[in-house]
Amino acid sequence: MFPVRPLLSALVNHIQTKQRNGALLKLCRMTEGSTDQQTAKLLKRANEENEDSAEAAKRVKADGEHAEDDKKYPKKKVVLLLAYSGKGYYGMQRNPGNSQFRTIEDDLVTALIKSGCIPENHGDDMRKMSFQRCARTDKGVSAAGQVVSLKLRLIEDIIEKINEHLPPQIRVLGLKRVTQGFNSKNNCDARTYSYMLPTVAFSQKDYDTGNIAAFRVEPETLQRVNRLFALYKGTHNFHNFTSQKAANDPSARRYITEMSCGEPFICSNHEFAVITVRGQSFMLHQIRKMIGLVIAVIKGYAKEEVMERSWGQEKVDVPKAPGLGLVLERVHFDRYNKRFGGDGLHERLEWDREEEAIKAFKEAHIYPTIVETECQEGSMVSWMSTLPIHDFEATAAETQDNKDQKQENADEGNDSD
């Protein structure tokens, strides 16, 4: 019998193969003109996929490295002792998204990232490292004992590695472990500032400022200066010593424990003196205005009674001394030290071992900057020439100084000078 089934199978296979070949031939003819374009698309898609894969691989690698770093160096809550010269900086506090106004924290955060103390993404949001500073020092203001609290990786030689990525005018001088809930601003009991100024600021208003190097303050004048500064001690309503604070604002009441001017000394042929003030906290420009008002009284532009009146309800025109000489000397944590300083787990937040480094930094970076800038630019003498435009008898709601202040960004925080 003739084998029909194998023959039919062979015939069907032949027809199907011919159809497939024909279809392929037709497809090739149809797409012959666009082969290059399709090839390019395929290559582009392959490159994009490779790039995505490479980027994903980088992310995975970076995440893995961060995870390894976190595992090797788990984040701990610490405080850093900072010293810096504020010249050329727009204060301490960082302003994300505003790179043209460089601040101390901008350079500090960059150094923390480059040294490996914090992940790179923490730089975009400082809350991720629980960052807090004791005082928001103003534009041009320096510090010898600023303290910030944050969480970071305790890598080997951490202070040296951070300082490698900082400019010489900013230094980390110390580091200590603290409790998890520690906040350098909220746990701070008091702040001590100094203000270095040429004693010509205490000259009479008719003194010839063309020869400021020859001026020497009289002992009687210095005694009067200190008597006026002593009036600030205690609790007063300092609403006239900052901007955008109403007389009935409870936050304007501040407690001052110390304010005095030390003995004068000669530097670069000019006589200088240092004013020291300690208080629980200070508002924006408060210290500079406290000093400015005393200078106005000493020079004879205002009567002594203006100080008493400035703590009352009425608006008083209080001048603001230049920021150049202001230095945050130290911050105090008495309550924290009493509670945790002797528990055997945490150190007292005192910096006796760092005193020599603090002194060396001030002598190398802070004092020379103040003296040189004052001698070259005469910021105090220039400011003194503006005192006659202030009306110390005025009680109007809008004084000239108040109008000027409204153009500035007021700091609503408690410690901000």
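Refer to the preceding data block for the structure.
Residues numbered from 1 in each chain as written. Predicted model: local features only at pLDDT ≥ 70, side-chain atom pairs only at ≥ 80, totals over all residues. Heavy atoms only, no water.

### Digging into the overall build of the protein chain
Scanning the protein chain from terminus to terminus reveals 11 helices and 10 strands. Accessible surface, the protein chain: about 21900 Å² in total, of which carbon and sulfur atoms supply 49%. (Helix = DSSP H or I, 4+ residues; strand = E, 2+ residues; numbered from the N terminus. Areas by Shrake-Rupley, 256 points an atom, 1.4 Å probe, with all protein chains shown as cover.)

### As for the side chain of Arg191
Topologically, Arg191 is positioned in strand β5 (residues 190-198). Within the structure, Arg191 has its side chain in polar contact with the backbone oxygen of Lys185 (distance 3.5 Å). (Polar contact = N/O pair within 3.5 Å; in protein donor to acceptor, adjacent residues only side chain to side chain.)

### Topic: the pairing of β5
The buried fraction of β5 amounts to 9 of the 9 residues, a majority that puts the element mostly inside the structure. Burial of the side chains of β5 extends over both faces: Ala190, Thr192, Ser194, Met196 and Pro198 are buried on one face and Arg191, Tyr193, Tyr195 and Leu197 on the other. Pairing of β5 with strand β10 (residues 326-332), which is carried by 6 bridges, proceeds in the antiparallel orientation. Its bridge partner lying in β10, Thr192 is registered against Arg330. (Buried < 20%, exposed > 50% of the residue type's maximum accessible area, 1.4 Å probe, protein only. Pairing = 2+ DSSP bridges.)

### With respect to the environment of Val225
With respect to the element layout, Val225 can be found in helix α5 (residues 219-230). On the accessibility criterion, Val225 (0% relative accessible area) is buried. Through-space distance from the C-alpha of Val225 to that of Val294 is 7.2 Å; in sequence the pair is 69 residues apart. Discounting residues that sit within four places of it in the chain, Val225 has contacts with Phe202, Cys261, Val294 and Ile298. (Contact = heavy atoms within 4.5 Å.)

### Side note on unusual backbone geometry
With a phi close to 55°, Ser268 is a non-glycine residue in the positive phi region. With respect to the element layout, Ser268 can be found in the loop between β8 (265-267) and β9 (270-279). Under the relative-accessibility criterion, Ser268 is labelled partly exposed at 48%. Even without a glycine there, the phi angle at Asn269 is positive, about 65°.

### Some thoughts on helix α9 (residues 355-377)
Between its first and last C-alpha, α9 extends 31 Å over 23 residues, near the 33 Å set by a 1.5 Å rise per residue. Ile358, Phe361, Lys362, Ile366, Thr369, Ile370, Val371, Thr373 and Glu374 are the residues of α9 that are buried. Remark: Gly378 follows α9 within two positions and exhibits a positive phi of approximately 60°. (Expected span 1.5 Å × (residues − 1).)

### A few points about a negative patch on the surface
Together, Glu156, Asp157, Glu160 and Glu164 line one region of the surface with negative charge. Looking at where Glu160 falls in the secondary structure, it is placed in helix α4 (residues 158-164). (Patch = residues over 30% accessible without salt bridge, like charges linked within 9 Å, V, L, I, M, F, W, Y side chains within 5 Å. Salt bridge = Lys/Arg side-chain N within 4 Å of Asp/Glu carboxyl O. Lys, Arg positive; Asp, Glu negative; His and termini not counted. Charge placed at Lys NZ, Arg CZ, Asp CG, Glu CD.)

### Focus on the packing of α5 against helix α6 (residues 286-299)
α6 packs onto α5 with a crossing angle of 135° between their chain directions and a minimal axis gap of 10 Å. Comparing the axis directions of α5 and α6 gives the class oblique. In this structure, α5 crosses over α6, and the sense of that crossing is right-handed. Together, Thr221, Arg224, Val225, Leu228 and Phe229 of α5 and Met290, Ile291, Val294, Val297 and Ile298 of α6 make up the contact between the two elements. The residue inventory of the contact of α5 with α6, partitioned by class, reads 8 nonpolar, 1 polar and 1 charged. (Axes fitted to C-alpha atoms, helices over the stretch in contact; angles between N-to-C directions. Parallel < 35°, antiparallel > 145°, perpendicular 65-115°, else oblique. Left-handed = near helix turned anticlockwise from the far one by under 90°. Nonpolar A, V, L, I, M, F, W, Y, C, P; charged D, E, K, R; others polar.)

### Topic: the packing of aromatic side chains
For any two aromatic rings, the description comes down to two numbers: the centre-to-centre distance and the angle of the planes. Summed over the entire model, instances satisfying the criterion amount to 10 aromatic pairs. Ring centres 4.9 Å apart and planes at 70° place the aromatic pair Phe182 and Tyr336 in the edge-to-face group. Separated by 154 residues along the polypeptide, Phe182 in the loop between β4 (170-177) and β5 and Tyr336 in helix α8 (residues 334-340) bring together distant segments of the chain. Taking the relative accessible area as the measure of exposure, Phe182 reaches 3% and is therefore buried. Measuring from ring centre to ring centre gives 5.2 Å for Phe238 and Phe241, while their planes differ by 75°; the resulting arrangement is edge-to-face. (Phe/Tyr/Trp six-rings, centres within 6.5 Å; stacked < 30°, edge-to-face > 60°.)

### Remarks on the pattern of salt bridges
On inspection of all chains with the given rule, the structure shows 16 salt bridges. Arg102 is the partner of Asp107 in a salt bridge, and the nearest nitrogen-oxygen pair spans 3.0 Å. Since its relative accessible area comes to 36%, Arg102 is described here as partly exposed. The closest approach of N and O atoms between Arg288 and Asp138, which form a salt bridge, is 3.1 Å. On the criterion of sequence distance, the pair formed by Arg288 in helix α6 and Asp138 in the loop between β2 (132-133) and β3 (142-153) is long-range, its members being 150 residues apart. Note on Asp138: relative accessible area 18%, which makes it buried. When salt bridges with common partners are traced through the structure, they connect Arg224, Arg227 and Glu304 into a single cluster.

Nothing here speaks to function; it is all geometry.
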